[in-house]
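Single-letter residue listing:
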Amino acid sequence: MRLETNRQAFTNYSKMEISLNWLKNYVDLGDLDPVKIGEILTDIGLEVEGMETVESIPGGLQGLVIGQVTHCERHPNADRLSLTRVDVGNGSELQIVCGAPNVAKGQKVVVATEGTLLHPTAGEPFQIKKGKIRGEVSEGMICAEDEIGLGESHDGIIVLPADAPIGQTAAAYYQVEQDVVYEIGLTPNRSDATSHIGVARDLAAALQIHFDRKEGIRWPDLSAFRPDRTDLPVKVVVENEEACPRYLGVTLANVQVAESPDWLKNRLRTIGLRPINNIVDITNFVLHEYGQPLHAFDLAAIKERTVRVKTLSEGTVFHSLDEQDRKLSAEDLMICNGASEGMCIAGVFGGLHSGVTESTQNVFLESAHFSPQWIRRTSMRHQLRTDAARIFEKGSDPNIALAALQRAALLMKELAGAEIASEVVDLYPKPIRPLEVEVTFEYVNRLIGVELSKETVLRILQALEMEVLSQNERSFTVAVPTNKSDVTRPADVVEEILRIYGLNSVPIPEHLNSSVSHGVFPDPRAVANRIGDLLAANGLSEIMAVSLSESRYYRDILPREESELVFVNNTSNVQLDVMRPDMLFSGLEALRHNQNRQQPDLKLFEFGKTYVRTEKGIVEPSHLSLFVTGARRPESWLQSGDAKADYYTLRALVQLVLDRMGIGGYQESVLEEDPIFAYGVRYHRGPKALVEFGQVHRPVLQKMDLRSAVYYADLHWDELLAAMPRQRAEFVELNKYPTVRRDLALVVENSVKFSDIVAIARKTGKQLLKEINLFDVYSNEEQLGKGKRSYAVSFSFEDPTKTLKDKEVDKVMNQLIEAYEQKIGAHIRR
C-alpha cells in the first residue's frame, strides 16, 4: 500500500541554488573544474545534492543563426503570409514562409534552421521541421523574441542592426552565458551560508587550507557610497527593539524604474528567480549575494515621511502584496507609516500599496535585522515561506546590514539613475558583538579524533575569519563572527574546525575494539522487529511520525492538565510545541493525510514513545499503536471490498500480537466513559495495563476531519516486554475432543463490569472453562429496568481427555448462574 506522511514540510534542511559564475566574482577558483568544486563544498558541510549546467537563455539558442532576407514577396496562396529567401552564410539560401507583418527585404534576422529545438518564453519547447505551408516549401523560421526565449514580444520578428554578421550563431551574437548551478541541502543551523558570499567565504577557507591559496574573498567595492543630497530624510521609530534589534534605511531620489540589464536578469534566472524590474531585481540580487533581505518602499506611500516598527492590534486587517486580506496577530511585527498603517509584514511579506511601481520616483530602502523567533512565528502563522523569512529565521548577520544597504543603493545609482537623497538612518541601540568562546586544544583533538597541531587549528580559524583573541599552551579564546549565529559553544567551534579540516581527512582506525556483553531478555529491538514483520505480513503498514505534537489537541479535543505536557521551544515549526503525551493523534494525522489522497482503507502500526511530566520528572514509556479504518480487506475478484473493518478486526490483531509474544493470563475490563474510546476493552494484570483498544469517539474524529470509523489500540510496550515468559514457546497437541458452547444473558446493574463476570467464571469453572466472550450488550429501561443492562456472554468448555457430556457442562453452568445471582445480583434472561 502506498502511504504518505503529513510531515513533509517539517524537514531538517532547505534547498539553496548557488551559481558558479556568481561565486567566481568573490573567490579565485583557478583551474578547478565544477565537479571538484562540488566535492569541496560537500566536504565542508555544504552538501551538493545536484549539479546542472544552465544557459542564461533557455536552450542556449542552439541551432539559431543570423541571416539576411534577400527576397520577400506576398505568399501566392495567403494574403497574410510572406514568401522569403534568407541567406544564412553557408553558401545557400533558405526559402522560409513567414507570418510576421514587419518582415522586409534587406533585414538582418534570427533564423531557426531545420531540426532546431526552440525554447519559447511561454509554453513547451518545439522543433522546427521542413514542410509546406499553403503549398509552398518552408525550410526554417524567422523568429520573434518570445519564440526563442529572449522576451515577451510577439509583435513581429526580431530585426537586428545592419552590422550583424551573417552566419554567426545567435548564441555568439547574444553572448549566451553558460553556468553551473549547485543545489545545496542547507541545514537549519547554517545561517552563515545563505548567500553566494557566505558560500564563497567557506570555499575560500577550504582553498587556503588544502590548496595553499593565500587570499580570502573579494568583497564588492562600496567606497563610492556617499549621499548626493540630504533633502529627503525619513524618520524611523522602532517601538519594539526585541523584535527589531537593528534598523537601517536610506532614501533614493529620481529613480527610473525600468527593465534590468541582461547581466542582472541572467544572474537571477540562473538561480530560478523571475526578473521584475531593476529596483526589485536589485533587492533580490543583494539578498542572494549578501544573505541580507532588503525592502524597497515607494516614498510617496510613507505618510508623514515616518517609518514605525511596531505591532498592531489583534485582528487588524492588512492588504498584502498577493492581494489577500490578512488578519494580523498582536505578535506580528509590522513596518508602518507615520499614521501607524501597515506597509509590510516585517521580514516576511510586502504590502499591496507601498511597493515599487512603474510610476515610483523616490524610494526608501530598508535593511534590518529582525529576531528569528518573531519572524518564524509570523511566517508560519500566515503560511508565508518567503526567501527573506527563511534567512531571518535562521539568524541573519546584524553587522552586514549596512554593507548590503550600501551595495543596493550603489546599484540603484548605476542601473536606475538614482540619487542618494539622505544620510543612512541606523538605529542599533544594543550592538551585537562577536561571541567569545574559550576552547582547549585537547578538547579539539578529542572530539575530532585526530591530533591536530596548534598551528593547524589556528590557521583554520584564521581562514574562517574567526579572530583568536588570546591563546596559551592549553587553550585559545576565539571571537565568533556574528554571521555564525549557531556557533555558541566549544563543540560548535570544533565543528567549524572539522568542517574545513575535512571529515574525509579523519583516518579510519586500523583496529576495531569490541567487548562481549550480556544481552538482556527480552531484546526490545529483536522483539519489535519480529512483531513488526508479523503485522506487515498481515497487511499493516508501518508509520514513523515525529514525536512532536500540537498542544491544541490536548486543549480543544482531548483536554489534559497542562502540567502533564512537555512543551518545547520549536522555532522550526511553532505549531508542534509539545512532545506527544499519547500515540493517538500521530496516527490520526497519518490517516487524515492519506484519506485526503484517496487512500481510505488503512491498517497502520507505529512503535514510538510518549512523553508525560509527572512529580518524579518526565517519563518516556514505549508504545505500539495500531490503527484500522475503511474496508476490512482489499477488493478483488475473489471477494468484495464492502465489508468494513470493525472492533473485532482490531481485537484479532491485538490477540495476534499477544499470542506471538506468548503473553496470557491477563484480565479483561470494559472501558466505560473513556475520553478516547466510544467502546473498548483493557487487558491488564492487576493494576498494570497491557493494552487498551476499541473504537475512537466520533467527535474526536470529526475534529480531526476524519470521515470513517477508526479503531485504535494502544499496547504498552514496556509492560508487554516485562510480561513475556522467559521459557521458549511450547507446542501442545490440538484437543481432539469437541468444544461445547453455552450462552447466558445476564441482566445486571450498570456498575457491574464484564471483568467481574470473567473473574467469577474463571473461579467457578477452573478446569473445563477455556474461553469467555462478550458478544452483545443491551440496554432498555422499559424492558430491563432503570440502571440495568444485559450482557450476552458465551462460555466454551473443553476436556483434553474425553468428550464432555451435557450433564457435566450443565453442572458447571448451574454453578455459574448461582454464583452470578449471589455475587453480582444478576438476573438470568431465559
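From a predicted model like this one, the values you see are computed outputs, not experimental measurements.

K.L.:
Can you break down the pattern of salt bridges residue by residue, with the values?
P.N.:
Evaluation of the coordinates by the stated rule reveals 44 salt bridges. Among the ionic pairs, Arg326 bridges to Asp322, the shortest N-O distance being 2.5 Å. What you see here is one network of salt bridges that share partners, running through Arg190, Asp192, Asp202, Lys484, Glu496 and Arg499.

K.L.:
Describe the confidence of the model for the chain, and please don't skip the residues or the numbers.
P.N.:
Close inspection of predicted coordinates is inappropriate for parts of the model with low pLDDT. Looking at the chain, pLDDT values average 91 and 98% of them are 70 or higher. Throughout residues 1-13 the model reports pLDDT below 50, and contacts reaching past four residues in sequence, or to other chains, amount to 36 contacts.

K.L.:
Lay out helix H19 (residues 754-764) with the relevant residues and their values.
P.N.:
Taken residue by residue, H19 has Phe754, Ser755, Ile757, Val758, Ile760 and Ala761 as its buried positions. Those residues of H19 hidden inside the fold are in contact with strand E36 (667-671), strand E40 (740-749), strand E41 (769-778), strand E42 (788-797) and helix H21 (806-823).

K.L.:
Let's hear about the sheet that holds strand E43 (residues 827-829): which residues, and what values?
P.N.:
What the four strands build is an open sheet, ordered E41-E42-E40-E43; its pairing is antiparallel. Looking at strand neighbours, the two that pair on one side only are E41 and E43, the edges of this open sheet. Across the sheet, the axes of successive neighbouring strands diverge by a mean angle of 35 degrees, strand direction being ignored. Two elements, E40 and E43, share three bridges in a ladder whose sense is antiparallel. Within E43, the position partnered with Ala745 by the bridge is Arg829.

K.L.:
Account for unusual backbone geometry, naming residues and giving values.
P.N.:
Of note in the backbone geometry, Arg134 takes a positive phi value of approximately 50 degrees without being a glycine. When you line up the elements, Arg134 lands in the loop between strand E9 (131-133) and strand E10 (136-138). Look at Arg134 and you get exposed, because its relative accessible area is 54%. At Ser340, a residue that is not glycine, the phi angle is positive and equals roughly 60 degrees. Examined against the element boundaries, Ser340 turns out to sit in the loop between strand E19 (333-336) and strand E20 (342-345). On the accessibility criterion, Ser340 (26% relative accessible area) is partly exposed.

K.L.:
Go over the packing of aromatic side chains with me, naming the residues and quoting the values.
P.N.:
Counted under the stated rule, the structure contains 19 aromatic pairs. Relative to Tyr290, the ring of Trp219 has its centre 6.2 Å away and its plane inclined at 40 degrees; by these criteria the two rings are tilted. Taken as a pair, Trp219 in the loop between helix H4 (196-210) and strand E13 (235-238) and Tyr290 in helix H6 (residues 278-290) lie far apart in primary sequence, 71 residues in all. The exposure class of Trp219 is partly exposed, given its relative accessible area of 38%. Arranged with centres 5.1 Å apart and planes meeting at 80 degrees, the rings of Tyr647 and Tyr648 form a pair that is edge-to-face.

K.L.:
Before we move on, could you go through the sheet that holds strand E16 (residues 306-311) and cite the residues and values that matter?
P.N.:
With respect to topology, five strands assemble into an open sheet ordered E13-E16-E19-E20-E21, the strand pairing being mixed. The open sheet is flanked by E13 and strand E21 (349-350), the only strands paired with a single partner. Relative to E16, E13 runs parallel, the two being bridged by four bridges. The residue of E16 that forms the bridge with Val236 is Val307.

K.L.:
Could you give an account of the side chain of Lys310, with specific residues and numbers?
P.N.:
Looking at where Lys310 falls in the secondary structure, it is placed in strand E16. In this structure, Lys310 is buried with no salt-bridge partner, the nearest side chain bearing the opposite charge being Glu239 at 4.1 Å. Only 3.0 Å separates the side chain of Lys310 from the side chain of Ser340, close enough to count as a polar contact. Dropping the residues within four chain positions of it, Lys310 is found in contact with Glu239, Asp332, Leu333, Met334, Cys336 and Ser340.

K.L.:
Quick rundown of helix H16 (residues 647-661)? Include the residues and the values.
P.N.:
Here H16 is 15 residues long and its end C-alpha atoms lie 21 Å apart, about the 21 Å a rise of 1.5 Å per residue gives. Of all the residues in H16, the buried ones are Tyr647, Thr649, Leu650, Arg651, Leu653, Val654, Val657, Leu658 and Met661. Where H16 begins, one side-chain oxygen reaches toward the backbone nitrogen of Tyr648, 3.1 Å away; that side chain belongs to Asp646. One or two steps after H16, the chain reaches Gly662, where phi turns positive at roughly 75 degrees.

K.L.:
A description of the side chain of Ser329 should follow, citing residues and the corresponding values.
P.N.:
Assignment of secondary structure puts Ser329 in the loop between strand E18 (325-327) and E19. There is a polar contact of 3.0 Å between the side chain of Ser329 and the backbone nitrogen of Glu331. Those residues within four positions of Ser329 in sequence are excluded, and the remaining contacts are Leu312, Glu314 and Arg381.

K.L.:
An account of the packing of helix H7 (residues 372-381) against helix H8 (residues 387-394) is requested, with residue identities and associated values reported.
P.N.:
To describe two helices that pack against each other, one gives the angle between their axes and the distance between the axes. Close contact between H7 and H8 brings their axes to 7 Å; oriented N to C, the two are set at 140 degrees. Between H7 and H8, the crossing angle belongs to the class labelled oblique. Seen from above, H7 lies across H8 with left-handed handedness. Each of Pro372, Ile375, Arg376 and Ser379 in H7 lies in contact with H8, whose residues at this interface are Ala389, Phe392 and Glu393.

K.L.:
Give me the lowdown on the packing of H4 against helix H11 (residues 454-463), citing residues and values where you can.
P.N.:
At a minimum axis separation of 9 Å, H4 and H11 run at an interaxial angle of 150 degrees. Of the two elements, H4 crosses H11, and the hand of that crossing is right-handed. Residues Ala205, Gln208 and Ile209 of H4 lie in contact with H11, whose contacting residues are Arg459, Ile460 and Ala463. Split into classes, the residues belonging to the contact of H4 with H11 amount to four nonpolar, one polar and one charged.

The rules we used
Residues numbered from 1 in each chain as written. Predicted model: local features only at pLDDT ≥ 70, side-chain atom pairs only at ≥ 80, totals over all residues. Heavy atoms only, no water. Salt bridge = Lys/Arg side-chain N within 4 Å of Asp/Glu carboxyl O. pLDDT = per-residue confidence, 0-100. Contact = heavy atoms within 4.5 Å. Buried < 20%, exposed > 50% of the residue type's maximum accessible area, 1.4 Å probe, protein only. Helix = DSSP H or I, 4+ residues; strand = E, 2+ residues; numbered from the N terminus. Pairing = 2+ DSSP bridges. Axes fitted to C-alpha atoms, helices over the stretch in contact; angles between N-to-C directions. Phe/Tyr/Trp six-rings, centres within 6.5 Å; stacked < 30°, edge-to-face > 60°. Lys, Arg positive; Asp, Glu negative; His and termini not counted. Polar contact = N/O pair within 3.5 Å; in protein donor to acceptor, adjacent residues only side chain to side chain. Expected span 1.5 Å × (residues − 1). Parallel < 35°, antiparallel > 145°, perpendicular 65-115°, else oblique. Left-handed = near helix turned anticlockwise from the far one by under 90°. Nonpolar A, V, L, I, M, F, W, Y, C, P; charged D, E, K, R; others polar.

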